[in-house]
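Structural description and commentary
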Amino acid sequence: MRLINKRHSSIILALGCRLLNSILFLSLLPILFCCQSSPSQVQPTHFSHNVMTIDYNIQVGDLLSPAKKQHIQKIIDATFQEIDAIYNKWNPHSELSTLNQLPANIPLSLSPQLYQFLQRLDTLVELSGGRFDPTIEPLQQLWKTKIAQGQCPSADEIASLKPCIGWHTFHFTNGIFYKHDSRTQLDLGGVAKGLCVDLLIERLHREGLNNLYVEWGGEIRTLGFHPSLRPWRVYISHLANSDPNQAIAHVNLINRALATSGDYFQHWEITTEQGEKKIFCHIFNPLTLAPLEVKPGSVASASLLASDCVTADALAKVLMLFNSAEEAQAWLENLQTQYPDLACWIATR
């Protein structure tokens, strides 16, 4: 097994609702940066740090007193602590870890926060036709163990996990959680960053802040405007060139969330029992019970614009799971009849 990260050529397909004026967002390898203002412009107040191994960047366009800054930092810190304590599978003491370790058919009361979030995810699972499914954690563990050994899991090993995978394998009615199979585990990492970004926007807005840019690990949501009275701006850089003058695109964000999913973060090359070499990425498809294969014509990157970051985060990953960009585009076009504020940009290999 060897870890590889190859540059690739891409065919770009764009699908959008023209929610923002003069936006061109071509997602080849989306590394998002907030564009800098010129020295003559008013500068926002910055809050940044590394939390759970991921940097966050928060910019406030409203005037803040020293006391207000301290209060805002306390809200930020408390929100990240809440995400870690409830939704982080890597924290062995989190509420999610408690659910994952729970034996079958043992009821457990959920916190109001987790119960409400599972209700929200229930809608996204249905919208995705099962392509978004946080119960794939046992599948991920199996594949990563086998890939570390330079091989794929056998068909029998994969089939043995079917009873514990699927949104139907657990219940959370009236705040009470239980699961049918003790092996069922949830991984909320695919949407926890989006949730955190949404919570920060909402909580800081309740404190009277009306102009915000919040980004954590590439998931972004904005409110209002930059203090220079322009929209919040980001640029998407090339992998080998972070110069904004050479950016793939510049994007204006006004009261919108933007999330990107791609196959380029982690690659594994393995040889099958038939001697065939295959490259897989870190994204898993709950319908095929396998990680995505990186190959010509496959979706390499998908970005989604939505009104909230949880939706953008979840559905950007769903777009990755289609066999072609055309299929992903058709799926979103159908979804736009219910949610016309959505827009996506897809890159294929």
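Report on the accompanying structure.

Cut-offs applied
Residues numbered from 1 in each chain as written. Predicted model: local features only at pLDDT ≥ 70, side-chain atom pairs only at ≥ 80, totals over all residues. Heavy atoms only, no water. Phe/Tyr/Trp six-rings, centres within 6.5 Å; stacked < 30°, edge-to-face > 60°. Core = buried A, V, L, I, M, F, W, Y, C linked by side-chain atoms within 4.5 Å. Buried < 20%, exposed > 50% of the residue type's maximum accessible area, 1.4 Å probe, protein only. Contact = heavy atoms within 4.5 Å. Pairing = 2+ DSSP bridges. Helix = DSSP H or I, 4+ residues; strand = E, 2+ residues; numbered from the N terminus.

1. Let's talk about the packing of aromatic side chains
Considering all chains together, one arrives at eleven aromatic pairs under this definition. Connected via pairs of aromatic rings, a cluster forms that spans Tyr115, Trp167, Phe170, Phe172 and Phe177.

2. Quick notes on the nonpolar core
For soluble globular proteins, the rule of thumb is that nonpolar side chains tend to be buried together. One finds Ile58, Tyr87, Leu121 and Leu304 to be the most contacted residues of the largest nonpolar core, which totals 76 residues. Beyond its immediate chain neighbours, meaning those up to four positions away, isoleucine 58 contacts Thr45, His46, Phe47, Ile76, Leu200, Leu204, Tyr213 and Val214. Within the second largest apolar cluster, 15 residues are counted, among which are Ile158, Ile270, Phe280 and Leu289.

3. Quick look at the sheet that holds strand 7 (residues 170-173)
With antiparallel pairing, three strands are arranged side by side in an open sheet as 6-8-7. The two strands at the open ends of the sheet, each matched to only one other strand, are strand 6 (108-109) and strand 7. Pairing of strand 6 with strand 8 (residues 176-179) involves two bridges; the strand directions are antiparallel. The residue of strand 8 that forms the bridge with leucine 108 is phenylalanine 177.

4. A short note on the pairing of strand 13 (residues 257-262)
As a general feature of sheets, a regular strand has side chains that alternate between the two faces. When you tally the buried positions in strand 13, you get six out of six residues, the bulk of the element. Burial of strand 13 is two-sided: the residues Ala257, Ala259 and Ser261 facing one way and the residues Leu258, Thr260 and Gly262 facing the other way are all buried. Examined bridge by bridge, strand 10 (residues 219-223) and strand 13 share two bridges and lie antiparallel to one another. Residue pairing across strands places arginine 221 opposite alanine 257, the latter belonging to strand 13. With six bridges connecting them, strand 13 and strand 17 (residues 299-306) associate as antiparallel partners. Bridging from a neighbouring strand, glycine 262 pairs with serine 301 of strand 17.

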